[in-house]
Amino acid sequence: MKKNNARLELSKEEMKSYGYQVVDAIVEHHQQQADKMPVALGSRNEMESLFLEEAPEKGSDPAQVLNFVLEKVMTNSTNMAHPKSFSFVPGPSNYISVMADTLATGYNIFSGGWAASPAAAELEIVTIQWLLKIFGFPKKKGGGIFTSGGSMANLTAVATARRIKCGDDFSKAIIYLSDQAHSSNIKAIRVLGFKKEQIRIIPTDNEFKFAINKLKNCIAKDRLEGLHPFCLIATAGTTNTGTVDPLMELANICKKEDIWFHIDGAYGGAAILSKKGKQTMKGIEKADSLTVDPHKWFFQPYEMGCLLVRNHKNLSNTFTEKPEYLRDIEGNTSEINFYDHGIQLTRRFRALKFYMSLKTFGLKEFRDAVTYNIDLAEEVETLLRGSKSWEVVFPATLAVINFRYNPITKKYSEKELDKINQYISEKVVESRKALLVTTILNGQIVLRMCLINPRTTMKDVTDTFDMCKNYALEIEGKLTSKV
Ligand SMILES: *Cc1c(COP(=O)(O)O)cnc(C)c1O
């Protein structure tokens, strides 16, 4: 590489060889990831010993920097696309979208306004229309925007709900969500400056669904006190159990009470692509706004969230500001400036990966992938039910299953069961061979699998169970020796 390089350039040959090295690394990663460990563990100290340095005044050889990154950075990052990454909500991703993201970044397309890149804006319009249709939203009036993720989509939704339902004065505004709602919603509410007293966390029933009667009582009480119920956040696929709230009933309540109906379907929404999921999602089309996270179960790489709205004008009425320097490029109203539909002005070209992967694989392959995931979780449930060692704590729902080690031959106390299952998870993660962490359901520590990776096989699951079983026997030995 040139010595004085204030243009920050490489020669054509250097660019090519560098690019090929990067592609080779990515392809190798995709090809061989199943044989590698999904889990990375590293303390702050270990990471600092690898990376901490002053910003170098002098550059280095490109290949050397790249190799260092491949060896030290990539290997010290957990792989959420690994077939044995069962925890949180994995990010299975797909290679076409990876390359599409590379293109979007390579051309550094500004995806803020129409004038800058009409094609990028149109692809966002088109792909949002695909999603509107999938979710049964009105095609003409409906709209939406791609965001960095579900958290930003939820924030955009609550800001919109408040603008439309409250205008400038939200001092009496009350927002409702269930105790199973994702934490990003509370974060959004706090970021927007609501006080604690304006948030109602409604308990859930024994299936982790919004307790309707309690909700109705709460709304009625708030009205009697002169407060203003303005927004309700339901969940289509809770992160813990995959539960879908009673969307139809909630839609009716919201309609009757003139409350903005937001549905957080960040991970679960994509289930609508399958026949079973479509049944479960009945009522999702009634939402005023809906969060879906294509970087989860629509198999897109990070970062890609999406907010769909029933009426696109609600977004522009919330987010349009007209500074002088944007005056000249306003153009035709049908030519959407996405900076007027959300928070970001400069935005990366997120629509491209969604567009290219759907065009390449076709929607049917996406449907089949999601269906495979839902079926796999149900098969896992059947397997667990037929075993003497495992208890299904919550049935397979939208590819999530909660279970625990609880052998029928032994009578352990709840405390002991918590200890055993916590131990299993810790040991599995420590082994780095699978990512399997616990959650808490009804006060019990349980193991949770989220099976939204279409490349996860039954064998990946049973291998993991075998590993769990060995750790269970290990701690059982310790428990009994103590007695
Ligand atoms: C993942 C998730 C979110 C947050 O989305 P990010 O993309 O991580 O910001 C919100 N709600 C639900 C239900 C989720 O599963």
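Residues numbered from 1 in each chain as written. Predicted model: local features only at pLDDT ≥ 70, side-chain atom pairs only at ≥ 80, totals over all residues. Heavy atoms only, no water.

Right, let's talk about the site of the ligand for a bit. Taken together, 14 residues are adjacent to the ligand, and S151, D264, D293, H295 and K296 come closest. Within the side chain of D293, an N or O atom sits 2.6 Å from an oxygen atom of the ligand. In the complex, the protein chains occlude 86% of the 380 Å² of accessible area that the ligand would expose alone. The dominant element in the shell around the ligand, judged by the number of residues it contributes, is helix α6 (residues 150-166), at three residues. (Near = heavy atom within 4 Å. Polar contact = N/O pair within 3.5 Å; in protein donor to acceptor, adjacent residues only side chain to side chain. Areas by Shrake-Rupley, 256 points an atom, 1.4 Å probe, with all protein chains shown as cover. Helix = DSSP H or I, 4+ residues; strand = E, 2+ residues; numbered from the N terminus.)

Once that is clear, we can look at the domain arrangement of the protein. When the domains of the protein are assigned, the result is domain 1 (100-362) and domain 2 (365-482). Distance between the C-alpha centres of domain 1 and domain 2: 32 Å. Carbon and sulfur atoms supply 68% of the area that domain 1 and domain 2 bury against each other, a total of about 2100 Å² over both sides. Put simply, domain 1 and domain 2 have two salt bridges between them. The salt bridge involving E378 is made with K276; its shortest N-O contact spans 2.8 Å. The tally of links between domain 1 and domain 2 comes to ten residue pairs in polar contact (both at pLDDT 80 or more). When contributions to the side of domain 1 that touches domain 2 are tallied by element, the ones reaching two or more residues are α10 (275-280) and α12 (351-361). Class assignment of the residues belonging to the side of domain 1 that touches domain 2 gives a composition of twelve nonpolar, 14 polar and three charged. (Domains from an automatic or database assignment. Buried area = accessible area lost by both parts, 1.4 Å probe. Salt bridge = Lys/Arg side-chain N within 4 Å of Asp/Glu carboxyl O. Nonpolar A, V, L, I, M, F, W, Y, C, P; charged D, E, K, R; others polar.)

With that settled, the discussion passes to unusual backbone geometry. With an omega dihedral of -5 degrees, the bond running from Y302 to E303 counts as a cis peptide bond. Looking at where E303 falls in the secondary structure, it is placed in the loop between β6 (289-292) and β7 (305-309). A positive phi is found at D258, a non-glycine position, where the angle reads about 55 degrees. Along the polypeptide, D258 turns up in the loop between α9 (247-257) and β5 (260-265).

What follows concerns the packing of aromatic side chains. This structure, assessed with the given rule, holds 14 aromatic pairs. Ring centres of Y267 and W297 lie 6.0 Å apart, and the angle between their planes is 20 degrees; this geometry places the pair in the stacked category. Of this pair, Y267 sits in the loop between β5 and α10 while W297 sits in the loop between β6 and β7, and the two are 30 residues apart along the sequence. Using a relative accessible area of 2% as the deciding quantity, one classes Y267 as buried. Accessibility expressed as a relative area gives 0% for W297, which makes it buried. Ring plane angle 55 degrees and centroid distance 5.9 Å describe the contact between F299 and F366, whose orientation is recorded as tilted. Placement of F299 in the loop between β6 and β7 and of F366 in helix α13 (residues 363-385) is noted, with a sequence separation of 67 residues between them. With respect to burial, F299 and F366 carry one shared label: buried. One aromatic cluster is present, formed by W390, F403, Y405 and F465 through successive ring pairs. The ring of F137 has R310 sitting right over it, with the charged end atom 5.5 Å from the ring centre. (Phe/Tyr/Trp six-rings, centres within 6.5 Å; stacked < 30°, edge-to-face > 60°. Buried < 20%, exposed > 50% of the residue type's maximum accessible area, 1.4 Å probe, protein only. Lys NZ or Arg CZ within 6 Å of the ring centre and 35° of its normal.)

Moving on: the nonpolar core. Counting 92 residues, the largest nonpolar core has F135, L232, F261 and W297 as the members making the most contacts within it. Both domains that meet at this core, namely domain 1 (100-362) and domain 2 (365-482), each give it at least three residues. Of all hydrophobic cores here, the second largest spans 30 residues; its members include A121, A153, I199 and I336. (Core = buried A, V, L, I, M, F, W, Y, C linked by side-chain atoms within 4.5 Å.)

Next up on the list: the side chain of T397. With respect to the secondary-structure elements, T397 resides in strand β8 (residues 390-397). In this view, T397 contacts T241, G242, T243 and Y267; residues no more than four positions away in its chain are not counted. (Contact = heavy atoms within 4.5 Å.)

Next up on the list: the sheet that holds β6. The pairing of strands in a sheet comes from backbone hydrogen bonds and takes either a parallel or an antiparallel form. Across the sheet, seven strands lie side by side as β1-β7-β6-β5-β4-β2-β3; this open sheet has mixed pairing. With one partner strand each, in any of the chains shown, β1 (143-147) and β3 (199-202) form the two edges of the open sheet. Neighbour-to-neighbour, the strand axes of this sheet turn through a mean angle of 20 degrees, independent of strand direction. In this sheet, β5 lies alongside strand β4 (residues 228-235) in parallel orientation, the contact comprising five bridges. (Pairing = 2+ DSSP bridges. Axes fitted to C-alpha atoms, helices over the stretch in contact; angles between N-to-C directions.)

Right, let's talk about the sheet that holds strand β11 (residues 444-450) for a bit. Judged by pairing direction, the sheet is antiparallel, and its four strands sit side by side in the order β8-β9-β11-β10 without closing on themselves. The open sheet is flanked by β8 and β10 (438-441), the only strands paired with a single partner. The average angle at which neighbouring strand axes cross in this sheet is 35 degrees, direction not considered. Sheet topology places strand β9 (residues 400-405) next to β11; four bridges connect them, and they run antiparallel. Note on β11: the bridge partner recorded for F403 is L447. Across the face of the sheet, helix α14 (residues 414-431) comes into contact with β9, β10 and β11 while running at roughly 35 degrees to β11.

A separate point is the pairing of β10. Of the two faces of β10, only the one carrying T439 and L441 is buried; T438 and I440 on the other face are not. Across four bridges, the pairing between β10 and β11 is antiparallel. Following the sheet pairing, T439 is matched in β11 by V446. Count of turn residues in the β10/β11 antiparallel hairpin: two residues, of which N442 carries a positive phi of about 50 degrees.

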